[in-house]
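What follows is each chain in one-letter form.
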Amino acid sequence: EKYMEFDLNNQGEIDLMSVKRMMEKLGAPKTHLELKKMIAEVTGGVSDTISYQDFVNVMLGKRSPVLKLVMMFEGKANESNPKRSGPPPERDIASLP
């Protein structure tokens, strides 16, 4: 789903502008040179676009800063339902069902 979200031209590849949009949305904007280096690292310098297979390899790889950013982004999306921490509030007999 994330891959399709950033495949802006619906051609099955994530290009430079799509990566730029993804990084901005994740709160980590990059320069064009940095984005080109990222794409070259992901594709092994073979392509100027990221294929689905390259995307999966990055997401499941051991060195996965992209995965960490996506997880951070997903965490921000779930902040509308914050989980309570600590012990539950005390209840009295009247509040029991």
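Residues numbered from 1 in each chain as written. Predicted model: local features only at pLDDT ≥ 70, side-chain atom pairs only at ≥ 80, totals over all residues. Heavy atoms only, no water.

So, about the overall build of the protein chain. A count of helical and extended segments in the protein chain gives five helices and two strands. The linear arrangement of helices and strands in the protein chain, starting from the amino end, is α-β-α-α-β-α-α. Counting the 97 residues in the protein chain, one finds 26% classified as buried. Long-range contacts, defined as pairs at least 24 residues apart, comprise 33% of the intrachain contacts of the protein chain with a sequence gap of at least 6. Counting only carbon and sulfur atoms, one obtains 57% of the accessible surface of the protein chain, whose full area is about 7,600 Å². (Helix = DSSP H or I, 4+ residues; strand = E, 2+ residues; numbered from the N terminus. Buried < 20%, exposed > 50% of the residue type's maximum accessible area, 1.4 Å probe, protein only. Contact = heavy atoms within 4.5 Å. Areas by Shrake-Rupley, 256 points an atom, 1.4 Å probe, with all protein chains shown as cover.)

With that settled, consider the nonpolar core. Counting 14 residues, the largest nonpolar core has I14, V19, M23, I50 and F55 as the members making the most contacts within it. For this core, the secondary structure elements donating two or more residues are α1 (2-6), α2 (16-25), α3 (32-43) and α4 (52-60). Top contributing element to this core by residue count: α2, with four residues. Sequence-distant contacts of I14, that is, excluding residues within four places in its chain, are made with Y3, F6, D7, V19, M22, T49, I50 and F55. (Core = buried A, V, L, I, M, F, W, Y, C linked by side-chain atoms within 4.5 Å.)

Per-residue confidence for the protein chain averages 76 on the pLDDT scale, and 75% of its residues sit at or above 70. Helix α5 (residues 65-77) is the least confidently modelled element of the protein chain, averaging 63 in pLDDT, while α3 averages 86, the highest of any element. (pLDDT = per-residue confidence, 0-100.)

Before going further, it helps to examine the packing of α2 against α3. One way to put it is that α2 packs onto α3 with a least axis distance of 10 Å and a crossing angle of 105 degrees. The orientation of α2 with respect to α3, classified from their angle, is roughly perpendicular. The segment α2 lies against α3, with L16, M17, V19, K20 and M23 engaging H32, L35, K36, M38 and I39. Looking at the contact of α2 with α3 residue by residue, the classes come out as seven nonpolar, one polar and two charged. (Axes fitted to C-alpha atoms, helices over the stretch in contact; angles between N-to-C directions. Parallel < 35°, antiparallel > 145°, perpendicular 65-115°, else oblique. Nonpolar A, V, L, I, M, F, W, Y, C, P; charged D, E, K, R; others polar.)

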